[in-house]
Amino acid sequence: MPISGRTGALRGLLVITAASLTLAGCGGGSMFGGGSPSSGGGSPSMTDRFTQLFSGKSTEVGAPQSPQTDENDLTCPSVSIRPGASTYAVGAAGKPAVGNDLAFQATITRTARSCDLNAGQISVKLGIQGRVIVGPAGAPAAVDVPLRVAVVQEGVTPKTIATKVFQTTVQIGSETSVPFSLVGEDLVYPMPTGTAGDSYIFYIGFDPQALKSQAPARKRR
């Protein structure tokens, strides 16, 4: 396929993906506060672990959600994508992530979660699946994807209860569209009292500022 045709196809794929997920926003800024990143993985074994942990009970982004309550009346809050943090777009070195200068764009496609209560603390496992699409400028052979999870008590003045960054490396190779899967663990917050837990929600989103400083990766040809 001529270079111009390949560029047009890549543009079309990016537009179709963005429209199908009804996502908006750019990969700028830390939306949830501070925290240290934890490593995840985008390998097939990580995808298998996602399925095993959540028994296939995942939710597509944009689908209606409600809190989950188990037999012990433990409520596991619903998951929502943080406005402005639904996509992660990276441009070529020194270039904005637009048009022909777009190196790659990551989006979130599905989520899953489980909650456990132990000694007054709720521990959370949150699964995130998504996709990295290579842009016209070409992406490195591997890209780091930073995601933040925040437990927020909604209200007139929303209150962040806990927050944690998770990071996964996605191997691109010669592909133009690669899925990734991450299971975030070690997120713990105190059991809410009374009906306060009814206003809790899990917010997830990309957080580029959480990435550790590292040398620029070489682009694949």
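Keep in mind that this is a model prediction, so the values were computed, not measured. (Residues numbered from 1 in each chain as written. Predicted model: local features only at pLDDT ≥ 70, side-chain atom pairs only at ≥ 80, totals over all residues. Heavy atoms only, no water.)

J.: Looking at this structure, how should I read the overall build of the protein?
T.: Helix and strand counts for the protein stand at 2 helices and 12 strands. The N-to-C order of helical and strand elements in the protein reads α-β-α-β-β-β-β-β-β-β-β-β-β-β. The 221 residues of the protein split such that 40% are buried. Considering only contacts in the protein between residues 6 or more positions apart, those separated by 24 or more positions represent 75%. (Helix = DSSP H or I, 4+ residues; strand = E, 2+ residues; numbered from the N terminus. Buried < 20%, exposed > 50% of the residue type's maximum accessible area, 1.4 Å probe, protein only. Contact = heavy atoms within 4.5 Å.)

J.: Explain unusual backbone geometry here, please?
T.: For residues other than glycine, phi is negative in most cases, and the peptide bonds are mostly trans. Even without being glycine, Ala 119 reaches a positive phi, approximately 55°. If you trace the backbone, Ala 119 turns up in the loop between strand S7 (102-118) and strand S8 (121-134). Ala 119 sits in the exposed class, given a relative accessible area of 76%. One non-glycine residue with positive phi stands out, namely Asp 186, at about 65°. Note that Asp 186 resides in strand S11 (residues 177-190). Note on Asp 186: relative accessible area 65%, which makes it exposed.

J.: Where do I start with the packing of aromatic side chains in this structure?
T.: For any pair of aromatic rings, the description rests on two quantities: the centre-to-centre distance and the angle between the ring planes. Enumeration over the complete set of coordinates arrives at 4 aromatic pairs. With centroids separated by 6.3 Å and ring planes inclined at 75°, the aromatic side chains of Tyr 189 and Phe 202 adopt a geometry described as edge-to-face. Taken as a pair, Tyr 189 in strand S11 and Phe 202 in strand S12 (residues 200-206) lie far apart in primary sequence, 13 residues in all. By way of ring pairs, the aromatic residues Tyr 88, Phe 104 and Phe 206 are connected into one cluster. (Phe/Tyr/Trp six-rings, centres within 6.5 Å; stacked < 30°, edge-to-face > 60°.)

J.: Just to check I follow, could you spell out the confidence of the model for the protein for this structure?
T.: Residue-level pLDDT values for the protein average 76, and 62% of them are 70 or greater. In the predicted structure, residues 1-33 sits below a pLDDT of 50 and forms 59 contacts with residues beyond four places in sequence or in another chain. (pLDDT = per-residue confidence, 0-100.)

J.: Quick question: what am I supposed to make of the pattern of salt bridges here?
T.: A side chain of one charge can pair with a side chain of the opposite charge if their charged atoms are brought near each other. Inspection of every chain in the model, using the stated rule, returns 1 salt bridge. Among the salt bridges present, the one from Arg 148 reaches Asp 207, with a minimum N-O distance of 2.6 Å. Of this pair, Arg 148 sits in strand S9 (residues 142-153) while Asp 207 sits in the segment after S12, placing them 59 residues apart in sequence. (Salt bridge = Lys/Arg side-chain N within 4 Å of Asp/Glu carboxyl O.)

J.: Is there a simple way to think about the pairing of strand S10 (residues 159-171) in this case?
T.: Along any regular strand, the residues point their side chains to alternate faces of the sheet. Direction of pairing for S9 relative to S10: antiparallel, over a ladder of 12 bridges. In the sheet register, Pro 146 faces S10, and the bridge partner there is Gln 167. Hairpin connection between S9 and S10: a loop of 5 residues separates the two successive antiparallel strands. (Pairing = 2+ DSSP bridges.)

J.: Honestly, the nonpolar core in this entry has me stumped. Any pointers?
T.: Across soluble globular proteins, nonpolar side chains have a tendency to be buried as a group. Core analysis: the biggest nonpolar cluster contains 35 residues, and Val 132 and Phe 202 have the highest contact counts within it. Elements with a minimum of two residues in this core: strand S5 (79-81), S7, S8, S9, S10, S11 and S12. Ranked by the residues each element gives to this core, the list is headed by S8, at 6 residues. Apart from residues no more than four positions distant in its own chain, Val 132 is found in contact with Phe 104, Gln 105, Ala 106, Val 143, Val 145, Val 170, Ile 172, Thr 176, Ser 177, Val 178 and Phe 180. (Core = buried A, V, L, I, M, F, W, Y, C linked by side-chain atoms within 4.5 Å.)

J.: Is there a simple way to think about the environment of Lys 95 in this case?
T.: Relative to the helices and strands, Lys 95 resides in the loop between strand S6 (87-91) and S7. The spacing of Lys 95 and Ala 137 is 42 residues in sequence and 9.9 Å in space, taken between C-alpha atoms.

J.: Just checking my understanding: could you explain the pairing of S7 for this structure?
T.: The pairing of S6 with S7 spans 5 bridges and is antiparallel. Residue pairing in the sheet places Val 90 in a bridge with Phe 104 of S7. Across 14 bridges, S7 lies against S8 in antiparallel orientation. Bridge pairing in S8 places Thr 107 opposite Arg 131. In textbook terms, the turn of a hairpin is the stretch between consecutive antiparallel strands, and for S7 and S8 this stretch comprises 2 residues, one of which, Ala 119, has a positive phi near 55°.

J.: Which parts of the structure should I look at to understand the side chain of Asp 144?
T.: Within the secondary structure, Asp 144 is located in strand S9. At 2.7 Å, the side chain of Asp 144 and the side chain of Thr 169 are in polar contact. (Polar contact = N/O pair within 3.5 Å; in protein donor to acceptor, adjacent residues only side chain to side chain.)

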